[in-house]
Amino acid sequence: MNIDEIRAAAARLDGHVRYTPLLNSPFLDEIAGKRVFLKAECLQHTGSFKYRGARNAIAKLDDTRRKRGIIAYSSGNHAQGIALAAHQAGASSVIVMPSDAPQQKIDNTRAFGADVVLYDREHDNRDQIGDTLAQERGLTLIKPFDNADVIAGQGTVGLEIAAQARANGINSASVLVPCGGGGLTSGVALALEVEAPGLRVHTVEPEGFDDTARSLASGRIEHNTKRSGSVCDAIVTPSPGKLTFPIMRNLCGPGLVVSEDDCLRAMAAAFTRLKIVIEPGGAVALAAGLFHATQIDGDTVIAIASGGNVDTPIFIDALNRFT
């Protein structure tokens, strides 16, 4: 993985992905006690940055593999990105999703034309299910984060942040990234290493699912004891990826961890002050920037809002409790 792959992905995605805004509010700055900018990937196609990596990976397949069809596993955002990108490429898609994924994500994935296969996150192994279906049906598996083309596509977020930081006169900042398997984090870190070396990336995870923070602290891949049970479903993974972790270990600072209540508070703040909708897993970075600012170096934070696909009852709960 290198900057050339990310730049090539940007050229490939040009005209297809949205160049998402970098937002700021003095009200959020006041909460944090420092400048807080939000990269609104919740406004990306399918409501998540995942469309970038999905489209890049599918675009790089040859015609034969594309026509055979694509398979992916995901709790919802990679699922929707793959389903839409496959549909646009004229390819069929099968998505393996946990049965406890938000209903909106399951419904949207089907609406984009995918065949959804549900599994029990606690007892079934999604890797085995995906590998078996891929072999049986001759499908091409596109993993949600441990795929070089996916990482390159996600890295285009970093290219945009670098350009937007320059436009705002930001030479140094802590860039906070919601982290599951690390595809977005590693792609952004690779891009910023070259394009904006004064911007340092930090992972952010929910309490109880902080495998990447612990892995960065120990220097080796750590695992979560649980595989479900968090409202931050989009970033609940067993461990960081084999491709992504070495990149994060080399380029990222210490990981941050936030509570579920912090995430819901951040969702409410983003809605009331920026008028955008963020899902809990996509709000962890903003939660860290707003409510854990003393743990973050410097006077400027750039938080990525990685997704906005939240079920209505959870969003209403966040607003009722924290506005």
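Preceding this paragraph is the structure being described.
**Student:** Outline the overall build of the chain, supporting the account with residue identities and numerical values.
**Tutor:** Tallying secondary structure elements over the chain gives 14 helices and 10 strands in all. For 323 residues, the compact-globule estimate of 2.2 N^0.38 gives 20 Å, and the chain sits close to it at 18 Å. Considering only C-alpha atoms, the chain reaches an extent of 55 × 40 × 40 Å along its principal axes. Residues counted as buried form 60% of the 323 residues belonging to the chain. For the chain, long-range pairs separated by at least 24 residues make up 74% of all intrachain contacts whose partners lie at least 6 apart in sequence. A total accessible area of about 12500 Å² is found for the chain, and carbon and sulfur atoms account for 46% of it. Of note, the chain has its 32 positive side-chain charges centred 4 Å away from the centre of its 36 negative side-chain charges.

**Student:** How would you summarise the side chain of Lys 50 if you had to cite specific residues and measurements?
**Tutor:** By secondary structure assignment, the location of Lys 50 is in helix H3 (residues 50-59). Although buried, Lys 50 forms no salt bridge, and the nearest oppositely charged side chain, Glu 279, lies 10 Å from it. Apart from residues no more than four positions distant in its own chain, Lys 50 is found in contact with Asn 77, His 78, Pro 144 and Gln 154.

**Student:** Kindly report on the pattern of salt bridges, identifying the contributing residues and their values.
**Tutor:** This model, assessed by the stated rule, comprises 18 salt bridges. The closest approach of N and O atoms between Glu 195 and Arg 7, which form a salt bridge, is 2.6 Å. Residue Glu 195 is located in helix H9 (residues 183-195), and its partner Arg 7 is located in helix H1 (residues 3-13); the two are separated by 188 residues in the primary sequence. Note on Arg 7: relative accessible area 38%, which makes it partly exposed. Two residues, Asp 233 and Lys 105, come together in a salt bridge whose shortest N-O distance is 3.0 Å. Of the two residues, Asp 233 sits in the loop between helix H10 (211-218) and helix H11 (244-251) while Lys 105 sits in helix H6 (residues 103-111), which places them 128 residues apart along the sequence. Neither Asp 233 nor Lys 105 differs from the other in exposure class; each is buried. Put simply, Asp 4, Arg 7, Arg 166 and Glu 195 are held in one network by salt bridges that share partners.

**Student:** Pulling in residues and values, what's your account of H1?
**Tutor:** Among the residues of H1, Ile 3, Ile 6, Ala 9 and Leu 13 are the ones counted as buried. An end-on view of H1 places all buried positions within 120° of arc, on one side of the element. Exposed and oriented more than 90 degrees from the buried face of H1 are Asp 4 and Ala 11. Looking at the buried positions of H1, the neighbouring elements they touch are H3, helix H8 (148-167) and H9. The N-terminus of H1 is capped by Asn 2, whose side-chain oxygen sits 2.9 Å from the backbone nitrogen of Asp 4. Two residues or fewer past H1, Gly 15 is found with a positive phi of approximately 85°.

**Student:** Give me the sheet that holds strand E4 (residues 93-98): which residues, what numbers.
**Tutor:** Taken in spatial order, the four strands of this open sheet run E5-E4-E3-E6, and their pairing is parallel. Pairing within the sheet leaves two strands with one partner each, and these edge strands are strand E5 (115-119) and strand E6 (140-141). Two strands pair when backbone bridges link them, and strand E3 (residues 70-73) and E6 are joined in this way by two bridges, in the parallel orientation. Across the sheet, the residue bridging to Ile 70 is Thr 140, located in E6. Helix-sheet contacts for helix H7 (residues 126-137) involve E3, E4, E5 and E6, and the interaxial angle to E3 is about 175°.

**Student:** Give a detailed account of the sheet that holds strand E1 (residues 22-24), specifying residues and quantitative values.
**Tutor:** Two modes of strand pairing occur in sheets, parallel and antiparallel, and in both the strands are linked by backbone hydrogen bonds. Here we have six strands laid out as an open sheet, ordered E1-E2-E10-E7-E8-E9, and mixed in their pairing. Where the open sheet ends on each side, the last strands, each with one partner, are E1 and strand E9 (256-258). Each strand of the sheet is rotated relative to its neighbour by a mean of 30°, with strand direction disregarded. Bridging between E1 and strand E2 (residues 35-40) involves three bridges; their strand directions are antiparallel. Of the residues in E2, the one forming a bridge with Leu 22 is Lys 39.

**Student:** Explain the environment of His 202 residue by residue, including any values.
**Tutor:** With respect to the secondary-structure elements, His 202 resides in strand E8 (residues 199-206). When its relative accessible area of 9% is taken as the criterion, His 202 is described as buried. Linking His 202 and Leu 251, residues 49 residues apart in sequence, is a C-alpha distance of 9.1 Å. Separated by 2.9 Å, the side chain of His 202 and the backbone oxygen of Pro 254 make a polar contact.

What counts, and at which threshold
Residues numbered from 1 in each chain as written. Predicted model: local features only at pLDDT ≥ 70, side-chain atom pairs only at ≥ 80, totals over all residues. Heavy atoms only, no water. Helix = DSSP H or I, 4+ residues; strand = E, 2+ residues; numbered from the N terminus. Rg over C-alpha atoms; globule rule 2.2 N^0.38 Å. Buried < 20%, exposed > 50% of the residue type's maximum accessible area, 1.4 Å probe, protein only. Contact = heavy atoms within 4.5 Å. Areas by Shrake-Rupley, 256 points an atom, 1.4 Å probe, with all protein chains shown as cover. Lys, Arg positive; Asp, Glu negative; His and termini not counted. Charge placed at Lys NZ, Arg CZ, Asp CG, Glu CD. Salt bridge = Lys/Arg side-chain N within 4 Å of Asp/Glu carboxyl O. Arc of directions from axis to C-beta. Polar contact = N/O pair within 3.5 Å; in protein donor to acceptor, adjacent residues only side chain to side chain. Pairing = 2+ DSSP bridges. Axes fitted to C-alpha atoms, helices over the stretch in contact; angles between N-to-C directions.

Read these as geometric descriptors, not functional statements.
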